Amino acid sequence: MNPVEVRKSILRNVLEANNNPEKDETKLSKAAGNGYVRLTNIMDDNISMSDTLHCKASHKTLCGEKCHGSIMSIPKPKTRTLKEIKDEATTFFELYCNSEKLNKNERQKRIDEVMHSISTTGTYDLTYDELVFGAKTAWRNASRCIGRIQWSTLQVFDCRKVSTAKGMYEAACQHVKFATNGGNIRSAITVFPQQSKTGCGARVWNSQFFKYAGYEKPDGTIIGDPLSVEFTKVDIIWLLCGYMK
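In this text, all values refer to a predicted model and were calculated from it rather than measured experimentally.

J.: What is the right way to look at the overall build of the chain in this model?
T.: In terms of regular secondary structure, the chain is built from 7 helices and 6 strands. In the chain, the succession of α and β elements from N to C terminus is α-α-β-β-α-α-α-β-α-β-β-β-α. By the burial criterion, 20% of the 245 residues in the chain qualify as buried. Partitioning the intrachain contacts of the chain with sequence separation of at least 6 by distance along the chain shows that 42% fall at a separation of at least 24.

Below is the structure:
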């Protein structure tokens with residue numbers, strides 16, 4: 001049985017299990033096996049599908065036992081060892097070289113350069129082509145993103161040379177202008193320089209480019225978005241400082 005027929009068979013068994021509550025456990029067990037996780041439809045509390053994608057993961061997630069992929073502020077990753085960085089870099093460049101069909105000499109030369117950089121500095125820099133490949137691949141593999149079907153059209157703005165707040169502001173404006181495109185939305189990502197070992201580097205405070213403000217009234221009630229109250233206070237301070245200069 002080919003993979004397509006296997007998937008169809010599994011789906012049929014799961015659907016049959018949903019339509020026959022008494023045989024639910026037996027059917028789901030037969031359809032899914034030990035590696036499947038049953039997903040519940042939060043609208044009606046009925047089990048509607050089963051998931052196997054998590055079984056293919058080769059690394060532990062940052063979240064722990066449960067996936068927090070829908071939460072924007074995920075836990076900060078732990079510091080990786082040089083071996084871990086080299087292993088992950090090797091995996092990435094194998095994907096990149098296979099995709100770009102680089103010959104053996106080109107592939108080995110680039111991997112040697114990266115390994116040397118990691119050994120001496122603890123990190124390495126991607127070329128523009130590598131950056132574009134990495135960004136598109138990351139989006140394509142983001143299983144919880146409903147928009148990833150557009151991954152191949154992603155526009156990558158390389159702003160790793162930007163070193164000032166003004167430069168970041170101008171890059172952000174460029175990003176918004178390109179992405180909004182007069183209402184015909186286009187997918188884009190702007191990449192700023194990574195943080196150094198000392199923690200210095202580009203930092204964007206906003207969780208989104210545009211969002212509702214939040215204002216706390218004297219009686220404690222809030223107008224607008226409660227999640228934006230603290231950030232709105234910071235914005236107001238910045239504006240006041242700007243007017244006072």
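The rest of the description comes next.
J.: What is the right way to look at the pattern of salt bridges in this model?
T.: Opposite charge on two side chains makes pairing possible when the charged atoms of those side chains draw close. Going through the model one piece at a time under the given rule, you end up with 7 salt bridges. The residue E113 makes a salt bridge to R110 at a minimum N-O spacing of 3.3 Å. A residue pair is termed a helical-turn pair when its members lie 3 or 4 positions apart in one helix, as E113 and R110 do in helix α4 (residues 104–121) at 3 residues. For E230, the salt bridge is made with K233, and the minimal N-O distance between the two is 3.7 Å. Placement of the pair is E230 and K233 together in helix α7 (residues 229–244), with a separation of 3 residues, close to one helical turn. Look at K233 and you get partly exposed, because its relative accessible area is 39%. Look at the salt bridges and you will find they share partners, linking R110, E113 and E130 into a network.

J.: I tried to follow the layout of surface pockets on my own but got confused; where do I start?
T.: Which parts of space are left empty comes out when a probe the size of a water molecule is rolled across the atoms. What the second largest pocket holds in volume is close to 850 Å³. In terms of lining, the second largest pocket is formed by 27 residues, of which the most central are V204, N206, Q208, F209 and F231. Looking at the lining of the second largest pocket, the elements with two or more residues in it are α6 (165–180), β4 (188–191) and α7. Ranked by residues supplied to the lining of the second largest pocket, first place goes to α6 with 7 residues. Partitioning the lining of the second largest pocket into residue classes produces 18 nonpolar, 6 polar and 3 charged.

J.: How should the nonpolar core be read in this particular structure?
T.: Core analysis: the largest hydrophobic core is formed by 11 residues, namely I85, A89, F92, F93, Y96, C97, I111, V114, M115, I118 and F133. Elements supplying a minimum of two residues to this core: α3 (82–100) and α4. The element contributing the most residues to this core is α3, with 6 residues. Those residues in contact with Y96 that lie beyond four places of it in its chain are L102, D129, E130 and F133.

J.: Could you clarify how one ought to interpret the pairing of strand β3 (residues 155–158) in this entry?
T.: The side chains of a regular strand alternate between both faces of the sheet. With 4 bridges joining them, β3 and β4 adopt parallel strand pairing. Along β4, the bridge assignment pairs D158 with V191. This β-α-β element, β3 to α6 to β4, shows right-handed connectivity.

J.: Would you explain the packing of aromatic side chains in this entry?
T.: Per the stated rule, a full pass over the model turns up 5 aromatic pairs. When the ring of F157 is compared with that of F178, the centres are 5.3 Å apart and the planes differ by 85°; the resulting orientation is edge-to-face. Of this pair, F157 sits in strand β3 while F178 sits in helix α6, and the two are 21 residues apart along the sequence. Through a chain of ring-to-ring contacts, the aromatic side chains of F92, F93, Y96, Y124 and F133 assemble into a single cluster. Lying across the ring of W151, R140 places its NZ or CZ 5.3 Å from the centre. When the ring centre of F178 is taken as origin, the NZ or CZ atom of R186, which lies over that ring, is 3.8 Å away.

J.: Help me understand the confidence of the model for the chain in this model?
T.: Parts of the prediction with low pLDDT should not have their coordinates interpreted in detail. Scored by pLDDT, the chain comes out at a mean of 77, with 64% of its residues at no less than 70. Predicted confidence in the chain is weakest over helix α2 (residues 24–32), with a mean pLDDT of 43, and strongest over β3, with 96. Confidence over residues 21–33 falls short of pLDDT 50; this stretch has 17 contacts with residues more than four positions distant or in other chains.

Analysis parameters
- Residues numbered from 1 in each chain as written.
- Predicted model: local features only at pLDDT ≥ 70, side-chain atom pairs only at ≥ 80, totals over all residues.
- Heavy atoms only, no water.
- Helix = DSSP H or I, 4+ residues; strand = E, 2+ residues; numbered from the N terminus.
- Buried < 20%, exposed > 50% of the residue type's maximum accessible area, 1.4 Å probe, protein only.
- Contact = heavy atoms within 4.5 Å.
- Salt bridge = Lys/Arg side-chain N within 4 Å of Asp/Glu carboxyl O.
- 1 Å grid on protein atoms, 1.4 Å probe; cavity = no way out; pocket = protein on both sides within 12 Å on 5 of 7 lines; lining within 4 Å.
- Points joined across faces, edges and corners; volume = space filled by probe spheres on them.
- Nonpolar A, V, L, I, M, F, W, Y, C, P; charged D, E, K, R; others polar.
- Core = buried A, V, L, I, M, F, W, Y, C linked by side-chain atoms within 4.5 Å.
- Pairing = 2+ DSSP bridges.
- Right-handed = clockwise from strand over helix to strand, strands pointing away.
- Phe/Tyr/Trp six-rings, centres within 6.5 Å; stacked < 30°, edge-to-face > 60°.
- Lys NZ or Arg CZ within 6 Å of the ring centre and 35° of its normal.
- pLDDT = per-residue confidence, 0-100.

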